Amino acid sequence: MLKPVPDELLSSWITRHADFYGVAPLTMLRHAIPEATSLRQTDTNLGPTAAVDIARLFRTQPSTILAMTTSGFPKSAAQLVAPRAIQCCIPCCEQNRSRGAATSVQRSWTEGWRITCPVCRQRQQETREGSSALASTSLPFEDLWVDAVQGERLIDQSLTGASVGWVSPIDIVRLLLIRRCPKPVRHHSSIGRCTILGAVVPGFDELVAEQRLPRPTIATPILPIGLRMALLAGVSIVYQAGPTYVSGLKRQTLGAYYTRFAAIDAGISVSRNSQSLQVN
């Protein structure tokens, strides 16, 4: 059996075995799960029974199989996982090639909140699939790197089940991508492209508009790495500022966006109160 490379995605490992044995990847998977219809589902929606079946085929532990997937992530994080690799780590690519696993794909290459590699801690680089539409190759929010790495760490911790404090970082991401009403309003058309993130990280909305990029939303939260740094820094800033800061941000929304913000904020409050009761 081929050994998985560190952080390898399950579908990648199965595909490498399929290539080794000269069969189609789905055929390889069906040796473990006869009714399987999608290799992609093994990465995102793998249940415990299926994990046992695949582990038996590859002579490993079910926990090892599950760790190669994003199946344990909460539903609120599903939109942050891309259907294919959108970035890569150059040092890990070279290391994998030296191991004879040049075609391997790491799980972190599909994770749309990452700016660093969890294996070697080097910066992620965008692939053609995730290529930025930014006209400039510079990173406009480079000065927020420390905050961005802290935001990435908070999301990592929450997705592994660790307690991160008063709020889920995923909920902060959702709040940051809600549309806001800028004050004062300079031009009616500017309202359509303003986000809460633009209030937390000045210059974000202006750059998105200048580059004519789609306004990020809760449904489409994966950003080019240059802009992702701003989103992650925003997560860290809001997390450190606390609930009072969130209340101030809510006042910058109107109508349906205020309602959406309030609903997420209410969920945060319920979670926070529940944690307080458990501590007491």
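Values in this document were obtained by computation on a predicted structure and should not be read as measured data.

*Asks:* Sorry if this is basic, but what is going on with the overall build of the chain here?
*Replies:* In terms of regular secondary structure, the chain is built from 13 helices and two strands. Long-range pairs, those at least 24 residues apart, make up 65% of the contacts in the chain with a sequence separation of at least 6. Surface summary for the chain: the accessible area is close to 14100 Å², and the carbon and sulfur share equals 53%.

*Asks:* I would appreciate a short explanation of the environment of Ile-155 in the present structure.
*Replies:* Here Ile-155 is to be found in helix H7 (residues 145–159). Taking the relative accessible area as the measure of exposure, Ile-155 reaches 0% and is therefore buried. In sequence terms Ile-155 and Trp-113 are 42 residues apart; their C-alpha atoms lie 7.8 Å from each other. Non-local contacts of Ile-155, meaning those with residues more than four positions away in its chain, are made with Trp-113, Pro-169, Ile-170, Val-173 and Leu-232.

*Asks:* Where do I start with the pattern of salt bridges in this structure?
*Replies:* As a working rule, side chains carrying opposite charge can pair if their charged atoms are close by. Scanning all chains against the criterion turns up nine salt bridges. In this structure, the salt-bridge partner of Asp-156 is Arg-114, at a minimum N-O distance of 2.9 Å. Highlighted residues: Asp-156 in helix H7 and Arg-114 in the loop between helix H6 (90–98) and strand S2 (125–126), separated in sequence by 42 residues. Each member of the pair Asp-156 and Arg-114 is classed as buried. Across the salt bridge formed by Glu-142 and Arg-123, the nearest N and O atoms sit 2.5 Å from each other. Of this pair, Glu-142 sits in the loop between S2 and H7 while Arg-123 sits in the loop between H6 and S2; the two residues are 19 residues apart in sequence, bridging distant segments of the chain. The class for Arg-123 is partly exposed, based on a relative accessible area of 31%.

*Asks:* Before we go on, may I ask you to explain the packing of helix H8 (residues 169–176) against helix H11 (residues 225–241) in this structure?
*Replies:* Between two packed helices, both the angle of their axes relative to each other and the distance between the axes serve to describe the pair. At a closest axis distance of 9 Å, the pairing of H8 and H11 adopts a crossing angle of 110°. One element, H8, and the other, H11, form an angle in the roughly perpendicular class. Classified by chirality, the crossing of H11 by H8 is right-handed. Each of Pro-169, Ile-172, Val-173 and Leu-176 in H8 lies in contact with H11, whose residues at this interface are Leu-231, Gly-234, Val-235, Val-238 and Tyr-239. Of the residues that constitute the contact of H8 with H11, the class distribution is eight nonpolar, one polar and no charged.

*Asks:* Teacher, can you tell me more about the side chain of Ser-12 here?
*Replies:* In this structure, Ser-12 sits in helix H1 (residues 10–21). When its relative accessible area of 7% is taken as the criterion, Ser-12 is described as buried.

Rules behind the numbers
Residues numbered from 1 in each chain as written. Predicted model: local features only at pLDDT ≥ 70, side-chain atom pairs only at ≥ 80, totals over all residues. Heavy atoms only, no water. Helix = DSSP H or I, 4+ residues; strand = E, 2+ residues; numbered from the N terminus. Contact = heavy atoms within 4.5 Å. Areas by Shrake-Rupley, 256 points an atom, 1.4 Å probe, with all protein chains shown as cover. Buried < 20%, exposed > 50% of the residue type's maximum accessible area, 1.4 Å probe, protein only. Salt bridge = Lys/Arg side-chain N within 4 Å of Asp/Glu carboxyl O. Axes fitted to C-alpha atoms, helices over the stretch in contact; angles between N-to-C directions. Parallel < 35°, antiparallel > 145°, perpendicular 65-115°, else oblique. Left-handed = near helix turned anticlockwise from the far one by under 90°. Nonpolar A, V, L, I, M, F, W, Y, C, P; charged D, E, K, R; others polar.

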